[in-house]
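An overview of the molecular structure
Chain by chain, the residues run as shown.
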Number of protein chains: 2
Amino acid sequence: MRTLVRDLAGPTGTTVRVCGWAEAVPDNPCTTAPVLSVRDHTGAVDVIVDAGEQLRAVTQGSAVDVTATIGAPREGVLRLVLVDLRVVGPAADPPPLGDGAPLDARLDWRYLDLRRPRNRLVFEVQTTLERAMRDWWDRHGFLEVHTPKFRAAPNMSGRELFAVDYFGRPAYLAQSPQFYKQMAMSAGFERVFEIGPVFRANPLITPRHDTEFVSVDVEVAWIDDHEDVMGMEEELLRSAIAEVALTHSAAVQDLFGREIRVPDAPFPRVTMAEAAAIVAGRGQGPTAPRTDLDADGERRLAEHVGGKSGHELVFVTAYPASARPFYHMRLKDGSALTRSFDLLWNGVEITTGGQREHRYERLVAQAERNPARVDVIRPYLDFFRHGCPPHGGFGLGLSRLLMCLLGLDDVRETTFLPRDRHRLTP
Amino acid sequence: MRTLVRDLAGPTGTTVRVCGWAEAVPDNPCTTAPVLSVRDHTGAVDVIVDAGEQLRAVTQGSAVDVTATIGAPREGVLRLVLVDLRVVGPAADPPPLGDGAPLDARLDWRYLDLRRPRNRLVFEVQTTLERAMRDWWDRHGFLEVHTPKFRAAPNMSGRELFAVDYFGRPAYLAQSPQFYKQMAMSAGFERVFEIGPVFRANPLITPRHDTEFVSVDVEVAWIDDHEDVMGMEEELLRSAIAEVALTHSAAVQDLFGREIRVPDAPFPRVTMAEAAAIVAGRGQGPTAPRTDLDADGERRLAEHVGGKSGHELVFVTAYPASARPFYHMRLKDGSALTRSFDLLWNGVEITTGGQREHRYERLVAQAERNPARVDVIRPYLDFFRHGCPPHGGFGLGLSRLLMCLLGLDDVRETTFLPRDRHRLTP
């Protein structure tokens, strides 16, 4: 029966079995009583080796199955005395990934990189975040949906699409479950969520972009406006972050030097027009009427909001229709502004959301401002013709959320096996 | 403030607001006190209309926002009296999908098809199943992973693969997270799960196949053999089905005429050789040495097991190496049989699993039996060279599990928006 390292206990001489990695193998196993460090996912333990002979076949990083007895502690720390050691998964020597390797090399050897407690913690936090969000959805009567990733037609813009050879005809990979979760509204599902991959043929290599990422999507019916959606996202995030704080705050403080704090509600809100004025006032003068923020503007806005309210999060609302996809509802009929929002965390956009236009004639009229492409999209609009209630929702990038929560600076750090224009392996 | 239909209550004359669909609109609204049926996702209620005039703009299926008062009940059933009705999402008249429409027509109008309580219930059960499985994983220390769907190389067989134009070079969509979840073992994640889409370019149109489906994947390290994996799947399924029984048994009995029963453990187990003998004894004589079961054989085996033990589920184990991918561990070194299993439910294969070969040299030797393709796969085997512990796991088709649980006969019934060779819409 195996014992996890964190559970090792008992009187001196008790026999235990530990399974894990030979983390540190003594350089010269012929010295008297060399010490082998063995790590599993719960911690590391020193194993005192009686005869160095036993370590001849052990290379650093090998998977080892160790039988030992509980030995005398050293400075209060439990140690083991080796009885038997089996190398069940030998590691090629020397290990290909040293300490301090740059991110790209770490990603080449991602399965070794992820053995480090700091990197593993990212995915422990991810697991807790998702569980806590699902608990919230469960308490609020949401259905989980899995929308198709194959679609027959390109999207409205035709940009950033991956094409698939689908039995001799083209199909396209979904860039978002947008229309599919809206179909769930037409189907009367009322409140849905999905956590699943989306695909974007983005040729840029930036710390915020990859070609596939996990999107957390929510859509709800019978809302009054986008404020209902923002209020829901606030509640959801606060509940999930509280759970992460409860479970991981000590480890995150220890390994990332970051305090997990539950953000106060309501999060600050500024309109896009206000944000433009703030950014202009902080030295980034607009060269043209501003309809959206660039990365620099997002950073300046974050500085302003943080200085004024101490808040790391801010909703930017009421984007001009020209800066948003056609399916957004206008603030009022005829307005040039939309019932839309982004959520920024320390200047990183983690969410886009809003209320959708559910009235078929208005929706088609809005789509027709791009007459060259409207035929492509029209079949998708059919489901608005059969009794679609008012609705809205948002999409949240899981790796960006984790990156902001942990104070990291690249979504590759919070993605299990990242993909970008150049990276398709491992 | 909206009230859900299931929560309607109160003294006669109380004003309420109900939001949902005009499910049944009286043919002739000019009759005295016509009755409109309004449904939301929690039920339907009759609304007595004082002046038929109010229904002139209402078509069947329209999304309506109704203000009414609680009226006198009829035969103990609560009814409402209309005060005001707003059509917020008009439906084109007549509805394009009638009762008794064949499956293909229903799928063409899937978002209307899913309004039916029976079809909605499938996704309520799905939500509960997934939640209960996640609870089980949470209790047992699993990490949730999201593996990439893009891969650089085709798989070993080169079959059933979708190719993507990836910035001018080919990439392939993952048919399973197999190697990626194994990488998590090499990364020391120990116990992982994923619920996500997989892609299979299967040209056949059958009730059991689609081109993308949701796979429930599990992988665990430090197992002794495949029996550990089967025992784990038994526990997981029993726990999840018990939760479905608790939450939905009355509704499933009512709408599907099916009793949700938690299967006894252990599930029956037969080796592939025993299964072949059973199937031959039931009139399907083998024409060649049998290494796998076809659909007819699976059905005959299910009859045999059901008749003998009353069990709907059976593990078939120890498939010959010739019938399994190269990465399976052999029963013993040198054996022609593998540490593999399928799980069948009423003759439908819902799971494939087993212990993997984690020893690099043996794995490469097994792969090299197909020398024409081994170069394609070799880069993926690198992660076995750096200390990989023994491990195993399984993949479970979510739509097949739901199909078997509810006694349905087509995975399209248990898929939100199905995809197959011919179907890419809606």
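These notes cover the structure that comes with them.

About the criteria used
- The numbering scheme is per chain: residues are counted from 1 as the chain's sequence reads.
- Whichever chain is written first is A, and whichever ligand is written first is 1; the rest continue in order.
- With the structure being a predicted model, the display of local features is reserved for residues of pLDDT at least 70 and the display and counting of side-chain atom pairs for 80 or more, all residues being used for whole-chain, interface and lining totals.
- As a convention, hydrogens and water are excluded, and side-chain values are obtained from all of the structure's heavy atoms.
- Helix and strand definitions follow DSSP, with helices as H or I runs of at least four residues and strands as E runs of at least two, each counted in order from the N terminus.
- Working definition: with a 1.4 Å probe on protein chains only, accessible area under 20% of the residue-type maximum means buried, over 50% means exposed, and in between means partly exposed.
- A contact between two residues is defined here by any heavy atoms of the two lying within 4.5 Å.
- Axis definition: a line fitted to C-alpha atoms, limited for helices to the stretch in contact. Angles are taken between N-to-C directions and run from 0 to 180 degrees.
- Here is the rule for angles: anything less than 35 degrees is roughly parallel, anything more than 145 is roughly antiparallel, 65 through 115 is roughly perpendicular, and the remaining ranges are oblique.
- Each crossing gets its hand from how the near helix is turned against the far one by less than a right angle, where anticlockwise is left-handed and clockwise is right-handed.
- In the scheme used here, Gly and all other residues not listed as nonpolar or charged are polar, with Ala, Val, Leu, Ile, Met, Phe, Trp, Tyr, Cys and Pro taken as nonpolar and Asp, Glu, Lys and Arg as charged.
- Buried area: the sum, over both parts, of the accessible surface (1.4 Å probe) that disappears when the two are put together.
- When a carboxyl oxygen of Asp or Glu is within 4 Å of a side-chain nitrogen of Lys or Arg, the pair counts as a salt bridge.
- Polar contact criterion, stated in full: a pair of N or O atoms within 3.5 Å, where within protein one must be able to donate a hydrogen and the other to accept it, and residues adjacent in sequence count only if both atoms are side-chain atoms.
- Here a Phe, Tyr or Trp ring, Trp counted by its six-membered ring, pairs with any other such ring whose centre lies within 6.5 Å, and the pair is stacked when the planes are under 30 degrees apart, edge-to-face when over 60, and tilted otherwise.
- Only when the NZ atom of a Lys or the CZ atom of an Arg is both within 6 Å of the ring centre and within 35 degrees of the ring normal do we say a charge sits over the ring.

Describing the environment of Leu97 of chain A
Residues and elements named next belong to chain A.
- Mapping Leu97 onto the fold places it in the loop between strand S5 (79-89) and helix H1 (103-108).
- Overall, the relative accessible area of 11% leaves Leu97 in the buried class.
- Sequence separation between Leu97 and Arg110 is 13 residues, and the spatial gap between their C-alpha atoms is 9.4 Å.
- Apart from residues lying up to four places away in sequence, Leu97 is in contact with Ala105, Arg106, Trp109, Leu112, Asp113 and Arg116.

Quick word on the packing of helix H5 (residues 226-256) of chain B against helix H10 (residues 398-406) of chain B
All names here are of chain B.
- Between H5 and H10, the shortest axis-to-axis distance is 11 Å and the interhelical angle comes to 55°. Accordingly, the angle class assigned to the pair H5 and H10 is oblique. As for the relative orientation of H5 and H10, their crossing is right-handed in sense. Contact with H5, carried on its side by Leu237, Ile241, Val244, Val252 and Phe256, involves Leu401, Leu405 and Leu406 of H10 and no other residues of that element.
- Taken together, the residues that form the contact of H5 with H10 break down as eight nonpolar, no polar and no charged.

Examining unusual backbone geometry
- Cis rather than trans, the peptide bond between Thr425 of chain A and Pro426 of chain A has omega equal to -5°.
- Along the chain, the position of Pro426 of chain A falls in the segment after helix H10 (398-406).
- A cis amide bond links Ala265 of chain B with the next residue in sequence, Pro266 of chain B, at an omega value of -5°.
- Position of Pro266 of chain B among the secondary structure elements: in the loop between H5 and strand S12 (269-271).
- Despite not being glycine, Glu160 of chain B shows a phi value in the positive range, around 60°.
- Structurally, the position occupied by Glu160 of chain B is in the loop between strand S7 (150-151) and strand S8 (163-166).

Things to note about the interface of chain B and chain A
- Contacts between the two partners involve 92 residues from chain B, matched on the other side by 92 residues from chain A.
- Interface area for chain B against chain A, summed over the two sides, is near 7700 Å², with a carbon-plus-sulfur share of 64%.
- Run the count over chain B and chain A and you get six salt bridges.
- The salt bridge involving Glu190 of chain B is made with Arg2 of chain A; its shortest N-O contact spans 2.6 Å.
- Counting across the chain B and chain A interface gives 46 residue pairs in polar contact (both at pLDDT 80 or more).

With respect to the packing of aromatic side chains
- Within the structure shown, the criterion is met by 39 aromatic pairs over all chains.
- Arranged with centres 6.3 Å apart and planes meeting at 75°, the rings of Trp109 of chain A and Tyr111 of chain A form a pair that is edge-to-face.
- Taking relative accessible area as the criterion, Trp109 of chain A reaches 22% and is therefore assigned partly exposed.
- Ring plane angle 75° and centroid distance 6.2 Å describe the contact between Phe123 of chain A and Phe416 of chain A, whose orientation is recorded as edge-to-face. Here the residue Phe123 of chain A occupies a position in helix H3 (residues 117-139), and Phe416 of chain A occupies one in the segment after H10, the gap between them amounting to 293 residues.
- Through pairs of rings, three or more aromatic residues link up here, namely Trp109 and Tyr111 of chain A together with Phe179, Phe326, Tyr327, Phe383 and Phe384 of chain B.
- Directly above the aromatic system of Tyr360 of chain A lies the positively charged group of Arg385 of chain A, at a separation of 5.5 Å from the ring centroid.
- The cationic tip of Arg324 of chain B hangs over the ring face of Tyr319 of chain B; the distance from NZ or CZ to the ring centre is 4.1 Å.

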